[in-house]
Amino acid sequence: MLKFARFYQDEKSSNVELTVKEDMNSEEGVGSDDLVPQLTKTDMALVESGDEVLAKKMYLVNNAIDEIGFTWYHAKLFCIAGFGYSVDSQMEMIQSSVKTYVDRQFGRDFPVATECFYAALITGSILWGFSGDIIGRKLAFNTSLLLSAIFGFLTGGMGSYATYVIMMYISTLCAGGNIAMDVAVFMEYLPSKYQYLNTSLAAWWGVGQTIANLVAWAFLPNNSCASADNCPSHLNKGWRYVWYTNSGIVMAGAVYRLFFFKLDETPKFLVSNGRDEEAIASLQRIATKYNRTCSLTLEQLQECGELDSVHYNMQKDGLNWKAIFTAIRAHIKTLFSTKLMAWSTFLVYFSWLLIGISYSTFYNFLYIFIASHGGDTGSSTYIVYRNSSLANFVGIFGPLLAGAMILIPGVGRRGTMIFGSLSAMAILFAYTTVRTPAGDAGFSSATYFFVNIYYGCLYAYTPEVFPAQARGTGVSLALVTARISGAMAPLVYYFGAKSGSSVPIWVCGACIGFLSVLAFLMPFEPTRQRTV
């Protein structure tokens with residue numbers, strides 16, 4: 001019989017030791033093929049807020065996931081969850097590409113729709129992220145894209161600015177928190193040997209941007225009015241075609257998720273919420289379908305004890321708003337439960353805040369700076385869309401390189417983020433010397449490539465250093481931080497463009513470089529440990 005002798009949790013170390021003793025004289029001695037914690041393996045139990053029982057159960061679940069190994073299920077999940085990344089960037093690109101033409105048709109100047117777009121991203125992050133920790137990942141994963149596509153179609157058909165903003169807001173809200181669930185779902189099924197794929201998943205971000213840019217290129221140049229002076233709806237249908245086409249692509253992915261993929265609730269979410277039996281069933285279904293072994297039993301999980309940190313149970317509590325808000329408060333508290341965890345959370349959120357405003361603001365002011373110094377980066381519509389499409393396509397390969405870099409001994413997640421941020425800073429500062437369309441194409445492609453190395457790692461690192469109980473909450477708050485700061489970029493551009501100042505370029509570029517310092521200070525290195 002298993003006896004957990006002691007559980008060490010040292011905040012000054014990045015390792016957690018689980019010591020197990022076996023009663024060899026017992027008639028119920030543990031067989032060699034039983035899944036028991038091994039001294040040679042460690043999990044990131046420091047993020048579990050001192051809950052010994054949960055750390056032990058997570059250890060056993062991680063062992064079971066590793067025993068099953070990588071299957072066709074994981075390969076499909078990489079594509080399906082990655083498509084969620086694609087949709088997130090796709091929806092963002094839609095609004096930025098059609099903004100000018102929508103404003104012309106409805107006689108607008110101030111970026112109301114863009115600010116509402118960011119408000120929708122923030123609201124969606126909170127709604128889907130928080131609910132993912134309360135009622136589970138499955139519902140958000142299965143419904144967010146479907147709703148986004150439906151309201152995306154409606155957005156394209158609106159006849160007034162007010163109704164356009166409302167439908168666009170709802171569509172973006174539905175997509176806005178989807179990415180928080182995508183990364184959590186994929187990571188919580190992934191064997192530890194393949195955790196690098198969590199970083200490479202961000203390659204889909206570039207896929208979405210490329211698709212959105214190509215769709216815009218196909219419809220906007222020849223189906224849009226040239227100025228606000230004469231811009232009736234029948235001469236300005238390009239932005240509607242963009243919304244219809246992108247929403248159709250999202251709908252196809254949503255239908256596949258809902259009717260063909262059949263996602264189970266993740267075992268780590270189930271275990272962290274005291275639903276051990278369902279977690280075993282979920283693991284066994286995958287093992288049975290792909291002819292793999294899963295030795296974990298319900299008895300082994302129950303032997304670890306009862307959780308004392310389950311804050312909400314949908315089956316027991318029902319729709320109890322007091323219990324829901326109590327659980328949300330507890331989940332947020334978990335992110336700052338110890339000094340080490342609070343320091344880690346602060347650094348992660350500060351990183352998201354800086355990248356959220358600095359990257360967008362830099363790009364907004366870059367072309368003003370280049371033009372004021374005699375440059376011409378886009379003398380035709382063809383060149384503008386060509387350069388943008390090339391840059392977005394090249395950006396796909398940044399996270400793929402990041403996924404390979406984290407496997408290099410001594411580099412890991414933090415080293416890769418340091419490399420990505422410093423390289424991006426150097427490229428961005430060099431970008432200011434560009435004066436030709438060819439130079440713009442080269443430097444914009446290099447910028448997307450190196451920034452996506454950093455982004456890919458940060459997107460993966462963020463859920464990896466949060467516990468399963470509060471993972472959705474933690475990731476959603478990170479996205480909220482980035483999107484609140486990102487919402488400042490259009491305002492800075494709107495007022496700053498009138499002043500002609502180039503100061504924001506240098507400040508934002510330096511902020512991107514400073515991200516390397518924050519990465520160096522981060523206390524956890526998930527490359528050496530399994531996520532919980």
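For the structure, see preceding data.
Residues numbered from 1 in each chain as written. Predicted model: local features only at pLDDT ≥ 70, side-chain atom pairs only at ≥ 80, totals over all residues. Heavy atoms only, no water.

**Student:** Looking at this model, I keep getting lost on the overall build of the chain. Mind explaining?
**Tutor:** Secondary structure assignment for the chain yields 21 helices and two strands. Scored against the burial criterion, the 532 residues of the chain give a buried share of 58%. Considering only intrachain contacts with a sequence separation of at least 6, the fraction spanning at least 24 residues in the chain is 82%. As presented, the chain carries roughly 20800 Å² of accessible surface, and 62% of it is formed by carbon and sulfur atoms. (Helix = DSSP H or I, 4+ residues; strand = E, 2+ residues; numbered from the N terminus. Buried < 20%, exposed > 50% of the residue type's maximum accessible area, 1.4 Å probe, protein only. Contact = heavy atoms within 4.5 Å. Areas by Shrake-Rupley, 256 points an atom, 1.4 Å probe, with all protein chains shown as cover.)

**Student:** Explain helix 11 (residues 276–289) here, please?
**Tutor:** Residues spaced three or four apart along an α-helix point in a common direction, a consequence of the helix completing one turn every 3.6 residues. Between its terminal C-alpha atoms helix 11 stretches 20 Å, which fits the 20 Å expected from 14 residues at 1.5 Å a residue. Tucked inside the fold, the buried residues of helix 11 contact helix 1 (52–68), helix 2 (72–106), helix 6 (178–189), helix 10 (267–272) and helix 12 (298–303). One or two residues past the end of helix 11 sits N291, with phi positive at roughly 55 degrees. (Expected span 1.5 Å × (residues − 1).)

**Student:** Looking at this model, I keep getting lost on the nonpolar core. Mind explaining?
**Tutor:** One broad trend across soluble globular proteins is that nonpolar side chains are buried collectively. Core analysis: the biggest nonpolar cluster contains 97 residues, and L77, L296, W352 and I355 have the highest contact counts within it. When near neighbours in sequence (up to four residues on either side) are disregarded, I355 contacts Y454, Y455, L458, I512 and L515. Membership of the second largest hydrophobic core comes to 31 residues, among which are V87, F106, A175 and V215. (Core = buried A, V, L, I, M, F, W, Y, C linked by side-chain atoms within 4.5 Å.)

**Student:** Looking at this structure, how should I read the state of the cysteines?
**Tutor:** One pass over the structure, following the stated rule, counts one disulfide. Residue pairing for C225: its cysteine sulfur links by disulfide to C231, the two sulfurs lying 1.8 Å apart. Taking the torsion about the S-S bond as the criterion, the C225 to C231 disulfide, at about -50 degrees, is left-handed. Taking the relative accessible area as the measure of exposure, C225 reaches 5% and is therefore buried. Judged by relative accessible area, C231 falls into the buried class, the value being 9%. (Disulfide = S-S within 2.5 Å.)

**Student:** Explain the side chain of D133 here, please?
**Tutor:** As for its position among the elements, D133 is in helix 3 (residues 112–134). A distance of 3.0 Å separates a polar side-chain atom of D133 from the backbone nitrogen of G472. Of note is the side chain of D133, whose polar atom sits 2.5 Å from the backbone nitrogen of T473. Setting aside residues no more than four positions away along its own chain, D133 makes contact with F269, N273, H331, A468, Q469, A470, R471, G472 and T473. (Polar contact = N/O pair within 3.5 Å; in protein donor to acceptor, adjacent residues only side chain to side chain.)

**Student:** Is there a simple way to explain the packing of aromatic side chains in this structure?
**Tutor:** The way to describe two aromatic rings as a pair is by their centre distance and the angle between their planes. Summed over all chains, the structure comprises 27 aromatic pairs. Ring geometry for F419 and F450: centres 6.1 Å apart, planes at 65 degrees, overall edge-to-face. A residue pair is termed long-range when its members are at least 10 positions apart, and F419 in helix 18 (residues 412–431) and F450 in helix 19 (residues 437–464) qualify at 31 residues. Note on F419: relative accessible area 34%, which makes it partly exposed. Aromatic side chains F449 and F450 sit 5.2 Å apart centroid to centroid with 90 degrees between the ring planes, which places their arrangement in the edge-to-face category. (Phe/Tyr/Trp six-rings, centres within 6.5 Å; stacked < 30°, edge-to-face > 60°.)

**Student:** How should I be thinking about the pattern of salt bridges in this particular structure?
**Tutor:** According to the stated counting rule, one finds eleven salt bridges in the structure shown. In this structure, D276 engages K57 in a salt bridge whose closest nitrogen and oxygen atoms are separated by 2.6 Å. Residue D276 is located in helix 11, and its partner K57 is located in helix 1; the two are separated by 219 residues in the primary sequence. Like K57, D276 is buried. In this structure, the salt-bridge partner of R137 is D133, at a minimum N-O distance of 2.6 Å. Looking at D133, the relative accessible area reads 2%, which means it is buried. Bridged by salt links that share partners, the residues D133, R137, E188 and R471 form one connected network. (Salt bridge = Lys/Arg side-chain N within 4 Å of Asp/Glu carboxyl O.)

**Student:** Looking at this structure, I do not really get a nonpolar patch on the surface. What am I missing?
**Tutor:** Side chains of W343, F346, F514, V517, F520 and L521 sit close together on the surface and give an oily, nonpolar patch of about 580 Å² of accessible area. Those elements that place two or more of their residues in the nonpolar patch are helix 15 (339–372) and helix 21 (503–521). In terms of residues, the nonpolar patch owes the most to one element, helix 21, which gives four residues. Positionally, F514 belongs in helix 21. (Patch = residues over 30% accessible without salt bridge, like charges linked within 9 Å, V, L, I, M, F, W, Y side chains within 5 Å.)

**Student:** What is the right way to look at the packing of helix 16 (residues 381–395) against helix 19 in this model?
**Tutor:** Any two packed helices are characterised by how steeply their axes cross, that is the angle between the axes, and by the distance between the axes. Look at helix 16 against helix 19: their axes get within 7 Å of each other, and the N-to-C directions meet at 25 degrees. When the interaxial angle is binned, helix 16 and helix 19 end up roughly parallel. Crossing angle aside, the handedness with which helix 16 passes helix 19 is right-handed. On helix 19, the residues that touch I383, R386, N387, L390, A391, N392, V394 and G395 of helix 16 are P437, D440, A441, S444, S445, Y448, F449 and N452. (Axes fitted to C-alpha atoms, helices over the stretch in contact; angles between N-to-C directions. Parallel < 35°, antiparallel > 145°, perpendicular 65-115°, else oblique. Left-handed = near helix turned anticlockwise from the far one by under 90°.)

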